[in-house]
Amino acid sequence: MEQILNLKGDPAMLSITALANHIGVNASTITRLARSLGYENFVEFRKVLLSSAVSPNTAFYSNQARTALDTTEASNHSKAEQLCRESMANTDRFLNDFDPKAFDLAVELISSAPRISVFAIRQLHALASFLVYGLRMIRSDVSLLDSNALGLAEGVAALGPEGVLIAASCAPYSQQVVTTTKVAAENGATVVAITDSPGSPLVKYSKTALFVPHQTSFMSNSLSTFILAAECLINGCAGANPEQTKAALKDRDRLIDALDIEM
């Protein structure tokens, strides 16, 4: 057990086979351990192992950078291959742990909301911008919370009690995102969380949550699976109102042509 706990955030935790090979035991041994601790299977056990409860919050970026800054004889190609394969493993985990009910509820809440705001800061701000861009392709009432630094209070107030806030953060969690999510929920807004585990502080304030794995040897949190999850969510919302989507995309094409944007 101690060997496993010492692998907090290690890529070896991405699959039961990789973990078994890393610590030199059979996969069945890990399955028995998980069940003896009260977990239904390895997937449930892994969620806890990868959660903030067992992951250190200090020196996160320094720890993450160890592989990226490794000065051994490993070539850049082999390091790139490792990073790509880790991202592929995260995609596999995302699919294996995919919760259709949670995803369908997220699509329903977003599709039926009169107003939508998306909030994330630091690295995940890129995810928030991508979500706003994608959702605006099919509807106009989507905004990036505090995009022009007009104030979070004003943004949450404008969202109102009928709006939906899509909030994103992963370990180590951003306090500003957690606090804003809490206040928005208390103000009546419905929260859809995009985060990394059931132990995320965003979950307690959300109506539904999508869990996205991000453990890689990248020097920060990996965004690749988060972007993929966003693409799935955008497509899901587009498919929820097909006629509205067709009309919106047709109008978008008309404006792109009128503005002579594309060559």
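To start, this report covers the structure provided alongside it.

Rules behind the numbers
- Residues numbered from 1 in each chain as written.
- Predicted model: local features only at pLDDT ≥ 70, side-chain atom pairs only at ≥ 80, totals over all residues.
- Heavy atoms only, no water.
- Core = buried A, V, L, I, M, F, W, Y, C linked by side-chain atoms within 4.5 Å.
- Buried < 20%, exposed > 50% of the residue type's maximum accessible area, 1.4 Å probe, protein only.
- Helix = DSSP H or I, 4+ residues; strand = E, 2+ residues; numbered from the N terminus.
- Pairing = 2+ DSSP bridges.
- Axes fitted to C-alpha atoms, helices over the stretch in contact; angles between N-to-C directions.
- Contact = heavy atoms within 4.5 Å.
- Right-handed = clockwise from strand over helix to strand, strands pointing away.
- Salt bridge = Lys/Arg side-chain N within 4 Å of Asp/Glu carboxyl O.

Ile110, Leu131, Ile166, Ile194 and Leu233 are the most contacted members of the largest nonpolar core, which has 34 residues in total. Mapped by element, the contributors of at least two residues to this core are α7 (100–112), β1 (116–119), α8 (125–136), β2 (142–144), β3 (164–168), β4 (190–195) and α11 (224–240). With seven residues, α11 is the largest single contributor of residues to this core. Judged by nonpolar contacts, the second largest core, of 17 residues, contains Leu165, Ala171, Val177 and Ala193.

Sheet strands line up and pair through hydrogen bonds in the backbone, either parallel or antiparallel. Taken together, five strands build an open sheet; the order of strands is β2-β1-β3-β4-β5 and the sheet is parallel. In this open sheet, the two strands that pair with only one neighbour each are β2 and β5 (208–211). In this sheet, neighbouring strand axes are inclined to one another by 20° on average, regardless of whether the strands run parallel or antiparallel. Across four bridges, β4 lies against β5 in parallel orientation. In the sheet register, alanine 193 faces β5, and the bridge partner there is alanine 209.

A few words on the side chain of serine 174. Position of serine 174 among the secondary structure elements: in the loop between β3 and α10 (175–186). On the basis of relative accessible area, serine 174 is assigned to the buried category, the value being 10%. When sequence neighbours within four positions are dropped, the list of residues in contact with serine 174 reads Ile121, Arg122 and Ser169.

Time to look at unusual backbone geometry. Here alanine 171 and proline 172 are connected by a cis peptide whose omega angle stands at -5°. Here proline 172 is to be found in the loop between β3 and α10. Phi is positive for arginine 122, close to 55°, though the residue is something other than glycine. By the element assignment, arginine 122 lies in the loop between β1 and α8. Its identity as a non-glycine residue notwithstanding, aspartate 260 has a phi of 55°, on the positive side. Note that aspartate 260 resides in the segment after α12 (242–258).

What follows is about the pairing of β1. Side chains Ile116 and Val118 project from β1 onto one buried face, and the interleaved Ser117 and Phe119 project onto a second face that is buried too. With three bridges connecting them, β1 and β2 associate as parallel partners. Across the sheet, serine 117 pairs through a bridge with serine 143, a residue of β2. Once you follow β1 into α8 and on to β2, the crossover reads as right-handed. The sheet contact formed by β1 and β3 spans four bridges and is parallel. What sits directly across from valine 118, in β3, is isoleucine 166.

This next bit is on the pairing of β3. For a regular strand, side chains alternate in direction, first toward one face of the sheet and then toward the other. The element β3 is extensively covered by neighbouring structure, given that five of its five residues are classed as buried. A two-sided burial pattern is seen for β3, the buried positions comprising Val164, Ile166 and Ala168 on one face and Leu165 and Ala167 on the other. With five bridges joining them, β3 and β4 adopt parallel strand pairing. Bridge pairing in β4 links leucine 165 to valine 191.

Before going further, it helps to examine the pattern of salt bridges. Applying the stated criterion to the full structure yields five salt bridges. Put simply, glutamate 243 and lysine 246 hold a salt bridge, and the shortest N to O gap is 3.7 Å. Pair noted here: glutamate 243 and lysine 246 are both in helix α12, with a separation of three residues, about one helical turn. Like glutamate 243, the residue lysine 246 is exposed in the burial classification. Linking arginine 254 and aspartate 251 is a salt bridge whose minimum nitrogen-to-oxygen distance equals 2.6 Å. Of the two residues, arginine 254 and aspartate 251 both sit in helix α12, three residues apart, roughly one turn of that helix.

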